[in-house]
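# Secondary and tertiary structure notes
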Amino acid sequence: MPIANQLSASHHHLLLPEFTVNSTGPKLRITPSNHSAVVKHTAQTYVYLQKSKSTYPHITTPADARRNGRLAADRQAGRWEDRHTNRNADTQIHGRHSSAKVAEYHQALEKHRQATKHSGKSDNIGKEQQAVKKPTRDIKKQHHPSEVKKNPAALHHRKALSKQEAAVKKDDGGWCQSFGDQNFPDSDRRRIRISRDLHPLPWLSDDDLQKMELLAGGEVLSKTRVPAHGQVLQVALDPHAHQQQPSPKTSSRENGPGDRRPQSHSERCQQGHCSLIKRTDDWFEVFAFHLDRVLGINRSLPAVLRTFHSDILPYRYISGTPRPVVWWDPDIQHLTDRDNDQNSVVLSWAQYQELLQVHCGSGADLRSAPCVGVEHSEWSRLALFDFLLQINDRLDRCCCGFTPDPTELCVVNLLHTKCGNIEDLRLVHILVRKADPSKLVFIDNAGRPQQSTNNLNFRLVEGINEFPERAVSVLQSGCLESLLLRSLYTDREFWDSQGGASGLRPLLHTVEHRGKILLQHIRDKRLKLKRDL
């Protein structure tokens, strides 16, 4: 269903009737008198809304005019009150996120929920509700009345989620609207088309923007090979070379124009000024970074697409073909074993399934076996992310959960033959930071953009009994395409290489479709949603 139609028919949304939310607070019964309290309690749902501050033109439609009139009436009635929400620590992936910015969008979400709650009726709205009444009724018929009687709280929660989704689609700030090519002008030729001193996109932190600017415009100062990765180069970049003003952290004497002391490549990397130049086929890793941020997962490293012209680099890196460039995080913890240095912990598939059952961090101590120091909720973020991108290299490196092509490395290297013996299966790229070892870091995120629907890898979600509520809410909202287009537009070279909005839409539809399949899986399995605190 096109995004524009979804926006106009705000009540036509995917219901997940078997969802329950796992939270630490007291259970609330949703009644008309306390519905606002429940909405406030669920304000951590990470859907990005902003009132009248879009940096792109908003085309006013008759529906917009009616909605704006209702919003104005609500303001006069005193129904729009500012609400304070706790800053989500998980968004502080580099410790430099703007708490004010995050709080601002949570407040906007609260306002839009209230606007939906008080929305008036019109002939057109009545027709829209009639148009979507039948499919909604059909979905509800799937659930036996006795189940509702046994679990009335689930029914109340479904109504709350439905109102959240409707609020998302009634977005007044333009974050969840249908965009055409005219909304993404080619005249803006900046490498990173966003500015920290103007209103930024809410899901990209100041630290993200700083690193994107470094990756896209930093001058190459030195290079080195990455062991066991023949087609990957690690390069040090001059943080002062790009046009945007660097942050105070990088604006001191660190390799500035007046710094006469030569620095080694390793020193530059330890200062956070290095990146990996990857294979041209790994372009999907840039898309993965933006998907990670839009969903509010915040576990991947900043990445851009870039064409290099430096004499320091070998010819194939400066031949004119853009390559993905990923920020090198010096704080990632690697094992000293050179045969297993792409892990922070040694973890087998059997141990992974066992730790999922004990709920590390809540049901069991993080350091007691089978736990490895990682919070239980981290695995659900990883599973959701990997399923949408169909990344098998972490949880299923032997390609046991789908039918691999004969040319796949897992087949060529005979890894696929190990699927019959669970003791031989190991997880790879399970990485954490030294400063925060309870949270995962996602690297090597170039999944499978062309993986067919009938060959999706459900092994990636095996053993997962809950999923992050914020990410699921974005998948439910119908806004994913609009949010990703807005985000991907910031990377000019990636945008141009994919043919702009029209070229990206088939890929976005593929990921959206995988999201619907995952939502159906969550509903069928009656899995919980984990509220981020």
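Data block above holds the structure.
Notes on the structure follow.

Of the two faces of strand S4 (residues 274-277), the one lined by Cys274 and Leu276 and the one lined by Ser275 and Ile277 are each fully buried. Sheet topology places strand S3 (residues 229-238) next to S4; four bridges connect them, and they run antiparallel. Of the residues in S4, the one forming a bridge with Val235 is Ser275.

Where charged atoms from two side chains of opposite charge come close, those side chains can pair. Per the stated rule, a full pass over the model turns up 17 salt bridges. Salt-bridge contacts for Glu378 lead to Arg299; the nearest nitrogen and oxygen are separated by 2.9 Å. With Glu378 in helix H12 (residues 376-389) and Arg299 in the loop between helix H10 (284-294) and strand S5 (303-306), the pair connects residues that are 79 residues apart, well separated along the chain. Each member of the pair, Glu378 as well as Arg299, carries the same accessibility label: buried. In this structure, Arg394 and Asp386 form a salt bridge, with 2.7 Å as the shortest nitrogen-oxygen distance. The same class applies to Arg394 and to Asp386, which are both buried. Residues joined in a network through salt bridges with shared partners are Asp208, Asp292 and Arg293.

Turning our eyes to something else, we now look at unusual backbone geometry. Omega for the bond connecting Ala369 with Pro370 falls within 30 degrees of zero, at 10 degrees, which places this linkage in the cis form. Tracing the backbone through its elements, the reader meets Pro370 in the loop between helix H11 (349-358) and H12. Positive phi, normally seen in glycine, also occurs at Gln390, with a value near 55 degrees. Looking at the element boundaries, Gln390 is found in the loop between H12 and helix H13 (409-412). With a relative accessible area of 2%, Gln390 lands in the buried category. Despite not being glycine, Asp444 has its phi angle at roughly 50 degrees, a positive value. Secondary-structure assignment places Asp444 in the loop between strand S8 (440-441) and strand S9 (466-468).

One broad rule of soluble globular proteins: the nonpolar side chains tend to lie buried together. Ranked by internal contacts, the top residues of the largest apolar core, which has 96 residues, are Phe287, Leu295, Tyr352, Trp379 and Leu384. Element by element, the count of residues in this core is highest for helix H17 (residues 500-524), at nine residues. When sequence neighbours within four positions are dropped, the list of residues in contact with Leu384 reads Leu295, Ile297, Phe467, Pro468, Ala471, Val472, Leu475 and Leu518.

Turning our attention to helix H15 (residues 480-488). Residues three or four positions apart in an α-helix share a direction because the helix packs 3.6 residues into each turn. Burial of H15 is extensive: nine of the nine residues sit out of reach of the surface. All of the buried residues in H15 are Leu480, Glu481, Ser482, Leu483, Leu484, Leu485, Arg486, Ser487 and Leu488.

A few words on the packing of aromatic side chains. Enumeration over the complete set of coordinates arrives at ten aromatic pairs. Taking 5.2 Å as the distance between ring centres and 50 degrees as the angle between the ring planes, the aromatic pair formed by Phe184 and Tyr489 counts as tilted. Here the residue Phe184 occupies a position in the loop between helix H7 (152-169) and helix H8 (206-217), and Tyr489 occupies one in the loop between H15 and helix H16 (492-497), the gap between them amounting to 305 residues. On the basis of relative accessible area, Tyr489 is assigned to the buried category, the value being 1%. The rings of Trp283, Phe284, Phe287 and Phe494 are connected pair by pair, giving a single aromatic cluster.

For any two helices packed against each other, the geometry is given by the interaxial angle and the distance between the axes. Orientation of H10 relative to H15, taken along the N-to-C sense of each, is 125 degrees, at an axis distance of 10 Å. Considered as vectors, H10 and H15 are oriented oblique to each other. The element H10 and its partner H15 pack so that their crossing is right-handed. Within the contact between the two elements, H10 uses Phe287, His290, Leu291 and Val294 and H15 uses Leu480, Leu483, Leu484, Ser487 and Leu488. Considering only residue class, the contact of H10 with H15 consists of seven nonpolar, two polar and no charged.

What counts, and at which threshold
Residues numbered from 1 in each chain as written. Predicted model: local features only at pLDDT ≥ 70, side-chain atom pairs only at ≥ 80, totals over all residues. Heavy atoms only, no water. Buried < 20%, exposed > 50% of the residue type's maximum accessible area, 1.4 Å probe, protein only. Helix = DSSP H or I, 4+ residues; strand = E, 2+ residues; numbered from the N terminus. Pairing = 2+ DSSP bridges. Salt bridge = Lys/Arg side-chain N within 4 Å of Asp/Glu carboxyl O. Core = buried A, V, L, I, M, F, W, Y, C linked by side-chain atoms within 4.5 Å. Contact = heavy atoms within 4.5 Å. Phe/Tyr/Trp six-rings, centres within 6.5 Å; stacked < 30°, edge-to-face > 60°. Axes fitted to C-alpha atoms, helices over the stretch in contact; angles between N-to-C directions. Parallel < 35°, antiparallel > 145°, perpendicular 65-115°, else oblique. Left-handed = near helix turned anticlockwise from the far one by under 90°. Nonpolar A, V, L, I, M, F, W, Y, C, P; charged D, E, K, R; others polar.

Note that every value here comes from positions in space, so none of it alone points to a role or purpose.
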